[in-house]
Amino acid sequence: MGGDELDLEAAIRALSSPLVLMERILDEALRLVATAVGAAVSLVEGDQLVFACTAGSLTDYCGPSRPVGTSFSGWVLESGNTLLCDDVVQDGRATREMA
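Just so you know, these numbers come straight off a predicted model, no measurement behind them.

A few words on the pairing of strand β1 (residues 38-45). Taken together, the eight bridges between β1 and strand β2 (residues 48-56) define a ladder with antiparallel strand orientation. Looking at β2, one finds that V44 is bridged to L49. Between β1 and β2, which follow one another and run antiparallel, lie two residues, and G46 among them has a positive phi close to 65°.

Below is the structure:
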């Protein structure tokens, strides 16, 4: 295989990577929603939410897990309702460290 073929193969692998795809979706969501400053994709593992992919102001939260009931994502998961939050600092549905 030549250099161009290896580059193409690497590009195709990157595009099919679930993590790369999630990162692109979050970046695009932040671009499209002008008032959004952060975004995350969380996965449920037992009674924990694992922040699998984050962007913007939530970048530092990628990887660690949190109890389901301590974040906006967990609140939505437990309640089955959608959530609109205009001010995460003032909203009591998430722990202070997550705001």
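Here the narrative resumes, following the displayed structure.
Another aspect to go through is the environment of C62. Following the sequence through the fold, C62 ends up in the loop between β2 and β3 (65-67). Residue class for C62 comes out partly exposed when judged on its relative accessible area of 39%. Distance from C62 to A52, taken between C-alpha atoms, is 5.9 Å for residues ten residues apart in sequence. Beyond its immediate sequence surroundings of up to four residues, C62 is in contact with F51, A52, C53 and T54.

Conventions used here
- Per chain, residues are indexed from 1 in the order of the written sequence.
- In keeping with the model being predicted, local features are shown solely for residues with a pLDDT of at least 70 and side-chain atom pairs are shown and tallied solely at 80 or more, while totals for entire chains, interfaces and linings include all residues.
- Excluding hydrogens and water, the side-chain figures rest on all heavy atoms present in the structure.
- Think of it this way: DSSP has to see at least two bridges between two strands before they count as a pair.
- Counting from the N terminus, the helices are the DSSP runs of H or I reaching at least four residues and the strands are the DSSP runs of E reaching at least two.
- Throughout, exposure labels follow a simple rule: accessible area from a 1.4 Å probe, protein chains only, divided by the maximum for the residue type, with under 20% read as buried, over 50% as exposed, and the rest as partly exposed.
- Any pair of residues with heavy atoms lying within 4.5 Å of one another is described as a contacting pair.

By themselves, these figures tell us nothing about what the structure is for.
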